[in-house]
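Below, each chain spelled out in residue letters.
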Amino acid sequence: MLARFVNSLPNGLSQHLTKWYFQVQARNQRGTHSYIENNQFQNMDVKILPALQDNYMYLIIDKATNMAAVVDPVEPNTVLQAVQESNVRLTTVLTTHHHWDHAGGNEALAKQMPYLDVYGADERIGALTKKVEHNNVVNFGNLLIQCLFTPCHTKGHVCYFVTSPQEGSQSVVFTGDTLFIAGCGKFFEGTADQMLHAMTILGALPNETKVYCGHEYTLSNLRFASHVDPKNEEITKKFTWAQQRRDKGLPTVPSTIGEEKKYNPFMRVKERAIMRHANSQAPVEVMKIIRHEKDVWHA
Ligand SMILES: [Zn+2]
C-alpha cells in the first residue's frame, strides 16, 4: 500500500520519501542483515555485500585484470571498504533500476570516483553515464556483461548477465527486483505480460547460471510458493536449507536458473500445478493472478 502510494508520486518526491524510509529502517536494525560472503569462480569473484534492511549489493571482480564492478551500490562506504580490502580497481557501476534502495548511492560514489562508468536503462538513475538497451554487451576486463532489459517492476529495469568467453566457465546474472529467489518483484510500473516476458528471457539463460537478486526475501517467498504449489518437494527442501542459512546469518543467494524453474511459481506459470492454483490456463492470467495474490498475502 505504502509502496504503491510512493510510486504514484513524482520521482523526486518519491526518491526522498523512500530514502527516508530505508534510512529509518536501517537505523532500527542492529548491524547488517547477513555476513559478507565471497563466491569464487574460475574467472571472477562475486562478493555479496548486504545493505540496508534486506538489500544486496555485489562486487564483481575480473580475476585477470583486477577490475571491479559494483551492482546497486546503495551504501558507498561498504563498497569502498570491500574494494580496498580486495585490492581491486573499481571502474563500473551496474544499476538494475532507479529505486532509492538500489540507485541511491550512485551520486555519492561518483562524487568520490568521477571516472566511474555508471550503467542503467532509466533516466531517473543518479549519476548515469551509460544508458543501455536490451542485449547491449559491455566488455569488462576479460568478462562480458550482457544487459537484459526486463521492464515491469519499473519501466527501466535491467538484469546483468556476466560471462567469461572461456569455455566451461561459470556465468552469473544479477536480477535486481525482477527475479528473486523463489519470487519476483512487484509490478509497480508494468504488467503481467511484461513479467512473463522477463521470466522467459531469464529462463532462457543456461540452467547453471548463478542468480544474484536484489533482496533477501527467500524465506517469505518460499512460504508463498508452498501455498501456491503445496505438493512441490523442491520448495520444502529449499526452505529447510534457506532456514539453516538464515539462522546463521548467511545469505541465501545465489541460486541457479535451473533451481528457480523447479520451485519459483512466477517462473512456472505454464506448469499444471500453478495453473490449477490460479484456475486459469493462460500464462499471462496465471502470472497476474498469483502476483496479485502475493501482494495481499500474509503467511
Ligand atoms: Zn525496486
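In this section: the pairing of strand β6 (residues 117-120). Sheet topology places strand β5 (residues 89-94) next to β6; three bridges connect them, and they run parallel. Looking at β6, one finds that V93 is bridged to V118. Sheet topology note: the β6/strand β7 (residues 130-131) ladder contains two bridges and is parallel. Bridge assignment links G120 to a residue of β7, and that residue is K131.

Attention now goes to the pairing of strand β8 (residues 137-140). Both β8 and strand β9 (residues 143-149) contribute to a ladder of four bridges, which runs antiparallel. Within β9, the residue paired with F140 across the bridge is L143. Here β8 folds back onto β9 in antiparallel fashion, the turn holding two residues, of which G141 has a positive phi close to 55°.

Further remarks concern helix α7 (residues 218-228). For α7, the complete set of buried residues consists of T218, N221, L222, F224, A225 and V228. On an axial view of α7, the arc spanned by its buried residues comes to 160°, and they lie on one face. Summarising the contacts, the buried residues of α7 are in contact with β12 (179-180), β13 (183-184), α8 (233-247), α9 (257-263), α10 (272-278) and α11 (283-295).

With mixed pairing, the seven strands of this open sheet are ordered in space as β1-β2-β3-β4-β5-β6-β7. Edge positions in the open sheet fall to β1 (37-40) and β7, since each of these has one partner strand only.

Time to look at the packing of helix α6 (residues 192-203) against α11. Close contact between α6 and α11 brings their axes to 8 Å; oriented N to C, the two are set at 105°. Comparing the axis directions of α6 and α11 gives the class roughly perpendicular. Along the contact surface, α6 presents A192, D193, M195 and L196, while α11 presents P283, V284, M287, K288 and R291. Across the contact of α6 with α11, the residue classes break down as six nonpolar, no polar and three charged.

So, on to the sheet that holds β8. Pairing between sheet strands relies on hydrogen bonds along the backbone, with the strands arranged either parallel or antiparallel. The strand order across the open sheet built from six strands is β8-β9-β10-β11-β14-β15, with neighbouring strands paired in mixed fashion. With partners counted over all chains shown, the strands left at the sheet margins are β8 and β15 (255-256), one partner each. Sheet topology places β9 next to strand β10 (residues 158-163); six bridges connect them, and they run antiparallel. Residue pairing for β10: C147 is matched across the bridge by Y160.

With that settled, consider unusual backbone geometry. Residue V253 is joined to P254 through a cis peptide bond whose omega torsion reads -5°. We note that A127 has phi near 60°; this positive angle belongs to a residue other than glycine. Counting through the fold element by element, A127 comes out in the loop between β6 and β7. Backbone geometry at N279 places phi at a positive 55°, although glycine is not the residue there. Using a count of 9 C-beta atoms within 10 Å as the deciding quantity, one classes N279 as exposed.

About the cut-offs
Residues numbered from 1 in each chain as written. Predicted model: local features only at pLDDT ≥ 70, side-chain atom pairs only at ≥ 80, totals over all residues. Pairing = 2+ DSSP bridges. Helix = DSSP H or I, 4+ residues; strand = E, 2+ residues; numbered from the N terminus. Buried ≥ 20, exposed ≤ 12 C-beta atoms within 10 Å, placed from the backbone. Arc of directions from axis to C-beta. Contact = placed C-beta atoms within 7 Å. Axes fitted to C-alpha atoms, helices over the stretch in contact; angles between N-to-C directions. Parallel < 35°, antiparallel > 145°, perpendicular 65-115°, else oblique. Nonpolar A, V, L, I, M, F, W, Y, C, P; charged D, E, K, R; others polar.

By themselves, these are just geometric observations and shouldn't be taken as functional.
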